Every structure is written in C-alpha cells, then in structure tokens.
Amino acid sequence: KSLVGVLVQIFLLKLVIGCLQEKRSLVLGLTFGAIHNVLWGVSTTQTGIFAGLIMSEFAGLHFPILVGMRSVNVGEEEQGRVQGAFFALAAIADAVGPVFLQSIYRETKDTIRPGPGFMFVVAGCVYLFGAVVACMLPADKANVTVASTAGDEDSERDPEGSHGLIMS
C-alpha cells in the first residue's frame, strides 16, 4: 500500500493536475475516496478489499491539492491562520469521524442488511459529498496553476505555478 501511495504522490499527482487542473483533480481524488470506501463496505472477497486498498492511495490526491488551493487564495500574512484553521478542522474530523462510524458499526454489525460494512458505505457518502462540494468551487479560485500563471505576483515567485504543490 505505501509504495503505491508514494508512486501516486511522486509521479501521478503532477500528471493528473497537468491534465485535469486542480479542481477536477480534487473531484477525482474524492471520488476515489468514495469508491474505495464503498468497495470496502460491500466486498465479500479479498480481491475486493485489495482493490479498495489500492484505490485508497489514489484518494490521497486530494490533500496536496487542498494545501495548494488554500495557500494561493490567501495573503502571506494569513497563511498561518488559514493552515491552523484547516488542521484544527482536520483534528476535529479525526476525533469525531471514528466515533460517528463506530456508532454506525455498532448498530449494523449483527445485521444482514445493511451489514457490518455499512459504516464504509457511509464514509463513501461523505467523500462523495466532498466531491459534489468540490464541483461547485469557482474555477478561478480552485485552479491554482491557472490563477498563478495569469500574471499575478505569485507567478513571479513560482514561475511554474505549482506553489510548492508539484516538484519538477
């Protein structure tokens, strides 16, 4: 699993963003998150679980894209506050998410339908909701490389428009 994640981050991230831009790449990563969770929830074979595991690495595309979107859309003086707020929200999600999913598992673990994997289906729905929200993002704010190469001061600091997102 880790090797696939490293390969995705090193090689595939730059290619995907280059082809799809950030907004579509974010939607793609979140969609992979939805698919891998649903696979884990409904799979009855090791092959299905393994396929979900591999797809989970592609879901990791969304994190560096979000970092780039945040950094390019706020001024230098606000970077720390925005990053801090984002990580605070992530910490809250890391605390509440397992409790929420555990409560779903507790109620469904001994049932045939929806079954013990239902918590993963719910997690997939959360990812899917994120993908829908990402679809609604304004392209001029979401597509970092397009915004940065349009002649603003960021393109002078970072001529390739990557904002630290993609290494050459």
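What you see is a predicted model; the values in this text were computed from it and never measured.

Parameters and conventions
- Position labels on residues start from 1 in each chain and follow its written sequence.
- In view of the model being predicted, local features appear only for residues whose pLDDT reaches at least 70, and side-chain atom pairs are presented and counted only at 80 or more, with totals across whole chains, interfaces and linings using the full set of residues.
- Computation of side-chain values: all heavy atoms of the structure, hydrogens and water removed.
- Where helices and strands are cited, they refer to DSSP runs of H or I of at least four residues and of E of at least two residues respectively, numbered from the N terminus.
- Between buried and exposed lies partly exposed: a residue is buried under 20% and exposed over 50% of the maximum accessible area for its type, with that area taken using a 1.4 Å probe on protein chains only.
- Pairs of residues are marked as contacts when any of their non-hydrogen atoms sit within 4.5 Å.
- Only the protein chains shown count as cover for residues, and the accessible areas themselves come from Shrake-Rupley with a 1.4 Å probe.
- Whenever a helix is involved, its axis is fitted only over the stretch in contact; in every case the axis is a line through C-alpha atoms, and angles between N-to-C directions fall within 0 to 180 degrees.
- When an angle is under 35 degrees it counts as roughly parallel; over 145 it counts as roughly antiparallel; between 65 and 115 it counts as roughly perpendicular; any other value is oblique.
- In this scheme the crossing of two helices becomes right-handed for a clockwise turn of the near helix relative to the far one and left-handed for an anticlockwise turn of less than a right angle.
- Each residue is assigned to one class: nonpolar for Ala, Val, Leu, Ile, Met, Phe, Trp, Tyr, Cys and Pro, charged for Asp, Glu, Lys and Arg, and polar for all the others, Gly among them.
- The criterion for an aromatic pair is that two Phe, Tyr or Trp rings (for Trp, the six-membered ring) have centres within 6.5 Å, with stacked assigned to planes under 30 degrees apart, edge-to-face to planes over 60 apart and tilted to the rest.
- Only when the NZ atom of a Lys or the CZ atom of an Arg is both within 6 Å of the ring centre and within 35 degrees of the ring normal do we say a charge sits over the ring.
- Under the convention used throughout, the expected extent of a helix is 1.5 Å for every residue step, that is, one less than its residue count.
- In this scheme, the bend at a residue equals the angle between the axes fitted to the seven residues that finish there and the seven that begin there.
- Patches in this entry comprise residues that are over 30% relatively accessible and not in a salt bridge; like charges within 9 Å are linked, as are nonpolar side chains (Val, Leu, Ile, Met, Phe, Trp, Tyr) within 5 Å.
- Salt-bridge detection follows one rule: a side-chain nitrogen of Lys or Arg within 4 Å of a carboxyl oxygen of Asp or Glu.

Caption draft 1: Focus on the overall build of the protein. When helices and strands are counted, the protein shows eight helices and zero strands. Going from N to C terminus, the protein has its helices and strands arranged as α-α-α-α-α-α-α-α. A burial count over the protein gives 35% of its 168 residues as buried. Residue pairs in contact within the protein that sit at least 24 positions apart in sequence constitute 64% of those at least 6 positions apart. When the accessible surface of the protein is summed, it comes to about 10,100 Å², and 68% of that surface belongs to carbon and sulfur atoms.

Caption draft 2: Broad picture of the packing of helix α1 (residues 2-42) against helix α2 (residues 46-59). Running from N to C, α1 and α2 point in directions that differ by 140 degrees, and their axes come no closer than 5 Å. Put simply, α1 runs oblique to α2. Here α1 and α2 pass one another in a crossing that is left-handed. Of the residues in α2, those in contact with V4, G5, V8, L12, G29, F32, G33, I35, H36, L39 and W40 of α1 are G48, I49, A51, G52, L53, I54, M55, S56, E57, F58 and A59. Class assignment of the residues belonging to the contact of α1 with α2 gives a composition of 14 nonpolar, seven polar and one charged.

Caption draft 3: Expanded view of the packing of aromatic side chains. Tallying each qualifying case throughout the model produces five aromatic pairs. Centroid distance W40 to F120: 5.7 Å. Interplanar angle 80 degrees. Geometry classified as edge-to-face. Residue W40 is located in helix α1, and its partner F120 is located in helix α5 (residues 118-135); the two are separated by 80 residues in the primary sequence. Assessed through its relative accessible area of 21%, W40 is described here as partly exposed. Here the aromatic residues F63, F86 and F87 are joined through ring pairs into a cluster of three or more. Its end group placed over the ring of F87, R70 keeps NZ or CZ at 6.0 Å from the ring centre.

Caption draft 4: Expanded view of the environment of A34. Tracing the backbone through its elements, the reader meets A34 in helix α1. For the pair formed by A34 and G52, sequence separation is 18 residues and the distance between their alpha carbons is 9.9 Å. Those residues in contact with A34 that sit more than four places away from it in its chain are G124, Y127 and L128.

Caption draft 5: Examining helix α4 (residues 79-108) more closely. Taking 1.5 Å of rise per residue, the 30 residues of α4 would be expected to cover 44 Å, and the 42 Å separating its terminal C-alpha atoms lies within 8% of that figure. Approximately 25 degrees is the largest bend angle found in α4, and it occurs at V96, with the proline P98 only one to four residues beyond. Taken together, the buried positions of α4 are Q83, F86, I104 and T108. Where the residues of α4 are buried, they touch α3 (62-72) and α5.

Caption draft 6: Structural detail: a nonpolar patch on the surface. The grouping of L3, V6, L7, I10 and F11 at the surface amounts to a nonpolar patch, some 520 Å² of accessible area in total. Here F11 is to be found in helix α1. Here F11 falls in the exposed class, since its relative accessible area comes to 57%.

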